[in-house]
Amino acid sequence: MLGLMDDPDPQTGKQKPILRAYSIASPAWDDELEFYSIKVQDGPLTSKLQYIQEGDQIILRPKPVGTLVHDALLPGKRIWFFATGTGIAPFASLLRDPQTFTDYDEVIITHTCRELNELEYGRCLIEEIRQSELLEELIGENFHSQLKYYPTTTREKSNKVGRITDLIKSGEAFANLGTAPINAENDRAMICGNLAFNLELKAMLEAFELKEGANSHPRQYVVEKAFLD
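All values derive from a computational prediction rather than experimental measurement. Sequence order as written defines residue numbering, which begins from 1 separately in each chain. Given that this is a predicted model, residues contribute local features only at a pLDDT of at least 70 and side-chain atom pairs are listed and counted only at 80 or more, while totals for whole chains, interfaces and linings are drawn from all residues. Each side-chain value is worked out from all heavy atoms of the structure, with water and hydrogens disregarded.

Caption draft 1: Broad picture of unusual backbone geometry. Phi at Glu209 takes a positive value of approximately 75 degrees, unusual for a residue other than glycine. Secondary structure elements follow DSSP: runs of H or I of four or more residues count as helices, runs of E of two or more count as strands, with numbering from the N terminus. Position of Glu209 relative to the elements: it lies in the loop between α8 (195–207) and β8 (221–223).

In structure tokens:
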């Protein structure tokens, strides 16, 4: 939970905290915390958060929670990270975690946004990962060949236009990626997006016979329930 103190109440002068759930985008080994947020002009928190300066105080609740962790999945050969919008944040952390590349032979990140500029964070992230000397040292010089990046837009024209769910249903996503369709024996998945996206993708993965897991009961896929677009 990340937040700021609200403006003082004009009658009482008291302040209340404004808190929202954010995924930590930095990897577990980093000594800094990184967060990824959109700017909402009249948003209760982001209207203020976007103007903070170095040295300003923020509120950070000490206990992190969430389902997008490796321990919530059974061993597999290929992992899918499905994200919309700022839902890419937890995968920014996992994609910089050496365990992701040692646990799986193939790592696929899909990122669907409305506009092309909303994909920029993910594009820069993938470029950074592919050039990471640290990951190369820890995993091996060919680790980046395990990583496949599949960005799509739904409103603005781009190299790939379409909702990832539609592209999976049609088989176009698998053809574009040069990979086999999802199957429960080899594939594991994590989902972080808006509620409608989460529900649709959950149903699709269940149709592929993947079962939802949890930290206490590992299965084939998990969903971040705290994220809403």
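So, next bit.
Caption draft 2: Seen up close, the pattern of salt bridges. Should a side-chain nitrogen of Lys or Arg be within 4 Å of a carboxyl oxygen of Asp or Glu, the pair is scored as a salt bridge. Tallying each qualifying case throughout the model produces 13 salt bridges. Here Glu120 and Arg123 are joined by a salt bridge, their closest N and O atoms 2.6 Å apart. On the criterion of helical spacing, the pair formed by Glu120 and Arg123 is a turn pair, its members being three residues apart in helix α4 (residues 120–130). When the shortest N-O distance is used, the salt bridge between Arg163 and Glu200 registers 2.5 Å. Of this pair, Arg163 sits in the loop between β6 (147–153) and α6 (164–170) while Glu200 sits in helix α8, placing them 37 residues apart in sequence. By sharing partners, the salt bridges in this structure join Arg163, Asp166, Lys169 and Glu200 into a single network.

Caption draft 3: Representation of the sheet that holds strand β5 (residues 106–113) within the structure. Pairing between two strands requires that DSSP report at least two bridges joining them. Reading across the sheet, the five strands line up as β6-β5-β4-β7-β8 and stay open at both edges, with parallel pairing between neighbours. Of all strands in the sheet, those bounded by a partner on one side alone are β6 and β8. For this sheet, the mean inter-axis angle between neighbouring strands, taken without regard to orientation, is 10 degrees. Alignment of β5 against β6, held across seven bridges, turns out to be parallel. Paired with Thr110 across the two strands is Tyr150, which belongs to β6. The sheet contacts of α4 involve β5 and β6, and relative to β6 the element is tilted by about 170 degrees. Packed on one face of the sheet, α8 meets β4 (78–84), β7 (187–192) and β8 and runs near 165 degrees to β7. Each axis is a line fitted through C-alpha atoms, taken for helices only over the stretch in contact, and angles between the N-to-C directions span 0 to 180 degrees. Residue contacts are counted whenever heavy atoms from the two residues lie within 4.5 Å of one another.

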